Structures are given as C-alpha cells and as structure tokens.
Amino acid sequence: MKSRKLIFAFVFFVLGFLLTFSYQYTKSKNEVTQLSEKDWEQDYYYRQQLIELEDKNKQLRNELANIRQEIQTQEQELANEADVLKDLVDQKLNLQKLVGELSVSGDGVAVTLSDSSYIPEEEHANQYIVHDRHIHQVVNELYSAGAKAIAINGQRIYRHSSISCVGPVISIDGNNFPAPFVITAIGDQHTLEVSLNLQNGVVDNLVQDNVEVKLEKKSNIEMLARET
Amino acid sequence: MWLPALFLVLGLILGFLTNITIPDIYANYLSIAVLAALDTLFGGIRAQLEDKFDQKVFITGFFFNVSLAAFLAFLGVQLGIDLYLAAIFAFGVRLFQNLAIIRRLLLEKYRFIKK
C-alpha cells in the first residue's frame, strides 16, 4: 500500500511537472509569436520609413554633389574670365603704348644724324645736310627692326606722324627741329643696332650721303604720352 | 492521499521553476509525454477502483507507452508524416474510456454507499 502511494506520487509529480512545463512553454511561445506579430506591422512601418529616409538621403547627397560640381565649374569659368580679362587689359596696355596713348620707358638706342661738318667749296651744300628721307630711312629701319616707340629730338613719332623737309629744318607734325637730329628708339638694343649697321644698310647709305651718324646704346629712355 | 497531492504540487512548482526552452521540433514529444502521463494516471486510478492494480503493469505501462509514443513521433519526423497524431489519438481515446469507467465505478460506489 505504501509503495503504491509512492508510485502514484511519482506519476503525479511527473504529470505536474509536465503540465506546468508545457504550459510555460506554450505561453512563452505564444508570447513570442504574439509579440512578433504585433511588432511586425510596426517593424515594417519603421523599415519603410528607414528606406524612405535613406532614399531621400541618397537623393540629397546626389544633389549636393551636383551643386558642388556646378560651383566648381562656375568658379573655373570665373577664373578663366579673369584670365581673359587680364590678357585683354595687358593687350590694351601694350596697344596703348604702341599708339602713344601711354608713356613708354625702356632701353634702346639713339642715332644722331648731323650735317657734315666739312663742305667743299665747289659742291652744293644741299648734298651735305640731313634730309627728311634720311630720317625716313632710319625710322623705317628701326620700326622694321622691332622698335616699340621712336622719338626725334624728344618729339614722339606716331603711326600717322609726318616728317618733311622745310628748308634747313625738318618739320615733324608741325614742329620744326634743326640739325642735329637725335632719333631715339625703345626696343631690343642688340637687334636695333645690328639692323642699322648691316652692310649696305642704313648707316652705310647715310655715310655715303655725307651724313654724320653716331649710334649709341641708351638705357632708360622715357617717352611721354600723346598730349591730346 | 497526502503524498500524491504533495508530489503533484512539487511537480507543478518544479515545472514553473524550470526555465528551459526546448526547440520547436520537440514540442510534439512534450505533448505526447503529457498525454502518456495522464493516461497512465487515469489507468492507475481505474485499476485502483477495480481493485486490479498491479505495480509492475502500472510502471511498465507508463514507460512503455511513453517510449512507443516518442518513437512514433520520431519516426513521423523522419518520414515527414505526423505519426505522433496516432499516439495522441490512442492516448485520447483511452483517456476518455478510462474516465468513463472511473465515473461509472464512482457512481456505483456512491449508490452502494447510499443504499
């Protein structure tokens, strides 16, 4: 009788254990499933939101990159425009210097043409003085040798200047100058000198025409701008 | 009758205290174990009331039933067929039969006492 009770007690014990255990097990399982089911919509919703946000982020980042690119190109354009402007200003300055609207200074040469000091009695004096054609020769030679600016006795020569003989003096743009004539030219000293001294060149011609020629290099020649 | 009740309470408490989570595939075995325990219990009570109680039959029946049910469930899992349903069905039918017999026996006893 005692052992019978013990066996019953054992079976009851096992039964109780199994009952509560399975009860707990199913409860926890239900909880889990319920939770996940409840969370599912929320989870889905949040995920959707996250995806939307990330999409938006990506879009905005793309936009940002595009804008940065645009800014860069615009800056580049600005820099290019500035460069072009600078070039144009430089060019304008150079041109102004060339046509005489600005004063010019620099190294160059000075050619002095004077009438021959010795005139034989039997010859005509006209053969021994400096004529406008001599000056033309020198000026043309200087220009073709690359002179930037030329002046005669301090009077600057422009593109439309006139040099002509008026009796014993030479008129340059209406101003008369007596001999000797100092023709100053700004440019590459070596080139100017060499081109003047070419064989059968300008200087040789002048000497044959009984003109006294003195050629010297000068530095820091100043020429003023046109006065008008 | 105090000892079985005490052990039942003990088992319940122990079941509450154990916090083991078992994998889903063993849930079938758990249900079968519960049914086997119930079946054995009611079988034992019925035998008691019929004065045919045999300890050896009781104990061996408990373990043999449980192991057979577990084997069926295992086979079912292996074959992909819900064979554990057969065990559940058998246990359920026997449970109701036992309960009916216990009820009749108790009613007869009650009548007998009344007379």
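Each value, and the rule that gives it
Residues numbered from 1 in each chain as written. Chains lettered and ligands numbered in written order. Predicted model: local features only at pLDDT ≥ 70, side-chain atom pairs only at ≥ 80, totals over all residues. Heavy atoms only, no water. UniProt positions renumbered as here; feature names shortened; annotations may be inferred. Helix = DSSP H or I, 4+ residues; strand = E, 2+ residues; numbered from the N terminus. Polar contact = N/O pair within 3.5 Å; in protein donor to acceptor, adjacent residues only side chain to side chain. Contact = heavy atoms within 4.5 Å. Pairing = 2+ DSSP bridges. Axes fitted to C-alpha atoms, helices over the stretch in contact; angles between N-to-C directions. Core = buried A, V, L, I, M, F, W, Y, C linked by side-chain atoms within 4.5 Å. Buried < 20%, exposed > 50% of the residue type's maximum accessible area, 1.4 Å probe, protein only.

Under an unreviewed UniProt entry, chain B has the name Small basic protein and belongs to Gracilibacillus dipsosauri. As recorded by UniProt, the Subcellular location (unreviewed entry) comment attached to chain B reads in full: "Cell membrane". Its UniProt record, at the heading Sequence similarities (unreviewed entry), says of chain B: "Belongs to the sbp family."

Identification of chain A as DUF881 domain-containing protein from Gracilibacillus dipsosauri is taken from an unreviewed UniProt entry. The UniProt entry for chain A carries the following text under Sequence similarities (unreviewed entry): "Belongs to the UPF0749 family."

Looking now at the side chain of A:His134. Residue and element names in this part refer to chain A. Locating histidine 134 in the fold gives a position in helix H2 (residues 132-144). A polar contact is formed between the side chain of histidine 134 and the side chain of aspartate 209, at a distance of 2.9 Å. Apart from the residues lying within four places of it in its own chain, the contact partners of histidine 134 are Ile129, Leu206, Asp209 and Val211.

Strands belonging to one sheet form pairs held by backbone hydrogen bonds; the direction of such a pair is parallel or antiparallel. Residue and element names in this part refer to chain A. Here three strands make up an open sheet; going across it, the order is S4-S5-S6 and the pairing antiparallel. Two strands close off the open sheet at either side, each with one partner strand: strand S4 (163-166) and strand S6 (175-177). In this sheet, neighbouring strand axes are inclined to one another by 35° on average, regardless of whether the strands run parallel or antiparallel. The pairing of strand S5 (residues 169-172) with S6 spans three bridges and is antiparallel. The residue bridging isoleucine 172 from the neighbouring strand is asparagine 175, located in S6.

It is worth spelling out the pairing of S5(A) at this point. All names here are of chain A. Summarising the sheet, S4 and S5 pair through four bridges and their orientation is antiparallel. Bridge pairing links valine 166 to valine 169 in S5. Turn length for the S4-S5 hairpin, with the two strands adjacent in sequence and antiparallel, is two residues, and the turn residue glycine 167 shows positive phi of about 65°.

Turning to the UniProt feature "transmembrane region" (unreviewed entry) in chain B, a few remarks are in order. Residue and element names in this part refer to chain B. Those residues carrying the UniProt feature "transmembrane region" (unreviewed entry) are residues 29-45, 57-77 and 83-106 in this numbering. The span residues 29-45 is 100% helix and 0% strand, and its two end C-alpha atoms sit 24 Å from each other. What you have in residues 83-106 is 96% helix and 0% strand, and the ends, taken at the C-alpha atoms, are 35 Å apart.

This next bit is on the nonpolar core. A general feature of soluble globular proteins is that nonpolar side chains tend to end up buried together. Counting 29 residues, the largest nonpolar core has A:Leu18, B:Ile32, B:Leu41 and B:Phe91 as its most contacted members. Listing elements by their share of this core, those giving two or more residues are helix H1 (2-99) of chain A together with helix H2 (27-49), helix H3 (55-79) and helix H4 (84-114) of chain B. With 11 residues, the single largest contributor to this core is H2(B). In contact with B:Ile32, other than residues within four places in its own chain, are B:Ala69, B:Ala70, B:Ala73, B:Tyr84, B:Ala87, B:Ile88 and B:Phe91. If you look at the next biggest cluster of nonpolar residues, it comprises 26 residues, including A:Val111, A:Val138, A:Ala145 and A:Leu192.

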